[in-house]
Amino acid sequence: MADVRLLAEEPDQRHVLRRAWPYLRRHRAAIGAAVTVNLLATLALTLVPVVIGRAVDELIDGDRTGLLTAAAVVFGLVIVRTLLLRWSELLLVRAGEKVVHDLRDLVVERLGGTPLRFLEAHRGGDLLQRATVEIADLAAFVRGQLPDLISLAGYVVFATVVLLTSSWQLLTLLLVVFAPPMWLLTRIVRRTAERAYPAEAAARSTLTATFSESLLAREQLQIDGATGTWLSRLRGDAGDYYRRARTAQGAATWIDGTWIVQGLASAALLIAGGVLAGNGTITVGVVVTFMLASRDLFSSVDDLTLVVGDLLETRVGLARLLDLLAATGDHSKQREISDKSGGGVPGHGAAAGGAAAGGAVAGGAVAGGTAAGAAAAGGVAAGGAAAGAAGGAAAGAAAASGAGLTAEAVTYSYKAGELVLHGISVHFGPGEHAGLIGETGSGKTTLAKLLCGLYLPDSGTVRLGGADLSALDAADLRRRLVLIPQQVHMIAGSLADNLALTPGKKTRDDFAAAAAALGLTAWIDSLPDGFDTDLGRRGERFSAGERQLVGLVRAAMTDPEVLILDEATADLDPATAQRIEEALARLRDGRTVLVIAHRPATIDRLPRVVRLHAGRIESAGRIESAGRIETEEPSCP
Ligand SMILES: Nc1ncnc2c1ncn2[C@@H]1O[C@H](COP(=O)(O)OP(=O)(O)OP(=O)(O)O)[C@@H](O)[C@H]1O
């Protein structure tokens, strides 16, 4: 089984910020400005107890003007702090929202480009949780707690400096009475939270996944009478989440211990301050400054512990998000590397290395009835030459149109050690029309997904016009090779909304022209609102056959070189089957078409049929279908 990096349920929490930095770096100026303004606001607040302490001393000395000046300065500081804080909040929220917005875009982009195998290896609900809820939690933290976190942390630092400059004796006492128990409590909270929060997040994700699967499978569960069994599974997951959430809440109760520590520290400071002021070591004003500043310091540390609790929770979400970005980033990196490795074929078979084989198979050498041009291209051309020979042998269907599609010794497994395809070698020549048949589970759909690049083979190669699929640019590949699956995916909305899901921008005229070209105008006109017909959620008002008609119209607009149709097995009423056959007949001219055929009528119409049996091409097997008997020779070397 080819490597797919699986997401960790409880990803590594270490160095999360450092790992997040590459995604934050481009916003560093905005973040830096916001943090600076926030710290200036905090500094203004820190100076208030100092001014009040001075005013008390001046009052004791009988200087009433000093008191008035102090009152004015305090008022000024409060105004400055309020304005600066508001400004910093706006800056922080703006910078934070930009980061979150970028992350959201990146996740959507990465998930869109990630191999199907990766998506299939994970529960949809888990991916959804990471891509939506965890980003939303991050956004809420940025908006709600991040400004507080910075200003509280800043206050702790500034207040410590103020206390140190006011009285080292009282600061020493404070450090002895307050710091050790606080350090111990914070450690306990951190330790318990580090265990409890990731476990809670993982359990929540499992519950979301189970819940979303119950919604998706609701019909099936009711039909099978399995609702009870599923509900007990859902209850089990909910119970597990409840237990872990309680443990996480238990971790938070440790935070209340800080009140006791603060009370003890205040009492000790008051007594020591009184003694020191009494013997003239410090002034009463310094004691006042100390008491005010230390109260603010306590409540800052208190708030900080709470915000740090939120921070730890957000860190878990961020770590899970980074895990998703790293895993999906690995895939895009792989594609990037293969794009740069010289196999990239931006156009139709025109790139170094792939060019000769691609060009030859796609239209040149083979059309002229010789594989000589391809043979001259060396290594890559070996596939092309063989392909040319095989294409020529393919019931004379090889035309000077479309591109040849070749599987060379392709293997694939969904689970390690359990091969579903055992070294498939097959070639469909340019312009050839062929069928792929075989019993249920023989691997037809899997082979189709490999042939169109949705899966990458564990070993072996798939070539389009001689070029390795994995080296082709993804967007180019999607334009050149279209797969219409058994269950065409539809989105909520109208027929027009669904038809618009093709590369490039398409207008109503394009829809109408494509439908007309496939002989489907009468069918569109028969729909209640034509192209505006509402198809319901995920197109559930259309049968599987009608969805395939939508797929065929999309394919006509994309105009690919190769079309693979995985024929629907269900819901094919005679009228729809007739429409599909007619549309396909009109669409197949000038391109390579492979149909995974289930119905005898379809098989009969195909000039060549390849049979799969238990993941192997049945060598020299006899293909029997509705009165026709052919011999299929493996057509790849
Ligand atoms: N996503 C998947 N994860 C794990 N196993 C899978 C997956 N998809 C298919 N398989 C297994 O791979 C094997 C081949 O399945 P595949 O769908 O390719 O067969 P098929 O010939 O197309 O069948 P059908 O005619 O029923 O569509 C089967 O044993 C199937 O259970």
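Residues numbered from 1 in each chain as written. Predicted model: local features only at pLDDT ≥ 70, side-chain atom pairs only at ≥ 80, totals over all residues.

A. Representation of the sheet that holds strand β4 (residues 459-464). Taking strand neighbours across the sheet as the criterion, the four strands line up as β2-β1-β4-β5 in an open arrangement whose pairing is antiparallel. Lying at the two open borders of the sheet, with one neighbouring strand each, are β2 (418-428) and β5 (467-468). As paired strands, strand β1 (residues 405-415) and β2 are joined by seven bridges and run antiparallel to one another. Pairing of Thr406 across the sheet is with His427, part of β2. (Pairing = 2+ DSSP bridges. Helix = DSSP H or I, 4+ residues; strand = E, 2+ residues; numbered from the N terminus.)

B. Quick look at the site of the ligand. As a structural note, the neighbourhood of the ligand is formed by Glu120, Tyr414, Val420, Gly438, Thr440, Gly441, Ser442, Gly443, Lys444, Thr445 and Thr446. Residue contributions to the shell around the ligand peak at three residues, all from helix α16 (residues 444-451). The residue makeup of the shell around the ligand, split by class, is two nonpolar, seven polar and two charged. (Near = placed C-beta within 6 Å. Nonpolar A, V, L, I, M, F, W, Y, C, P; charged D, E, K, R; others polar.)

C. Inspection of the environment of Arg554 at higher detail. You can see Arg554 is positioned in helix α21 (residues 544-558). What makes Arg554 buried here is the crowd of 21 C-beta atoms within 10 Å. Dropping the residues within four chain positions of it, Arg554 is found in contact with Leu499, Leu501 and Thr502. (Buried ≥ 20, exposed ≤ 12 C-beta atoms within 10 Å, placed from the backbone. Contact = placed C-beta atoms within 7 Å.)

D. Region of the structure containing the nonpolar core. By size, the foremost hydrophobic cluster in this structure holds 69 residues, and its most contacted members are Ala159, Phe290 and Leu321. The dominant element in this core, judged by the number of residues it contributes, is helix α12 (residues 284-343), at 19 residues. In this structure, Val420, Ala448, Leu456 and Val482 belong to the second largest nonpolar core, which totals 66 residues. (Core = buried A, V, L, I, M, F, W, Y, C linked by C-beta atoms within 7 Å.)

E. Structural view of unusual backbone geometry. Unlike most non-glycine residues, His15 shows phi in positive territory, near 55°. Tracing the backbone shows His15 in the segment before α1 (16-24). The exposure class of His15 is exposed, given the 10 C-beta atoms found within 10 Å. The phi torsion at Ala409 lies on the positive side, around 45°, for a residue other than glycine.

F. Looking closely at the environment of Ala159. If you trace the backbone, Ala159 turns up in helix α6 (residues 146-166). A C-alpha to C-alpha distance of 9.4 Å links Ala159 and Leu45, two positions 114 residues apart in sequence. Every residue in contact with Ala159, bar those within four places of it in the chain, is listed here: Thr46, Ala293, Asp296 and Leu297.

G. Seen up close, the pairing of β1. In this structure, the hairpin formed by β1 and β2 is closed by a connection of two residues, where Gly417 is found at a positive phi of approximately 85°. Bridging between β1 and β4 involves five bridges; their strand directions are antiparallel. Across the sheet, the residue bridging to Ala407 is Val462, located in β4.

H. Quick peek at the confidence of the model for the chain. Averaged over all residues, the pLDDT of the chain is 79; the fraction at 70 or higher stands at 83%. In the model, residues 333-400 has pLDDT below 50 throughout and makes 154 contacts with residues more than four positions away in sequence or in other chains. Low pLDDT, under 50, characterises residues 620-637; the predicted model gives this stretch 42 contacts beyond four residues in sequence or across chains. At the level of chain-chain contacts, confidence expressed as ipTM amounts to 0.97, with global pTM at 0.58. (pLDDT = per-residue confidence, 0-100.)

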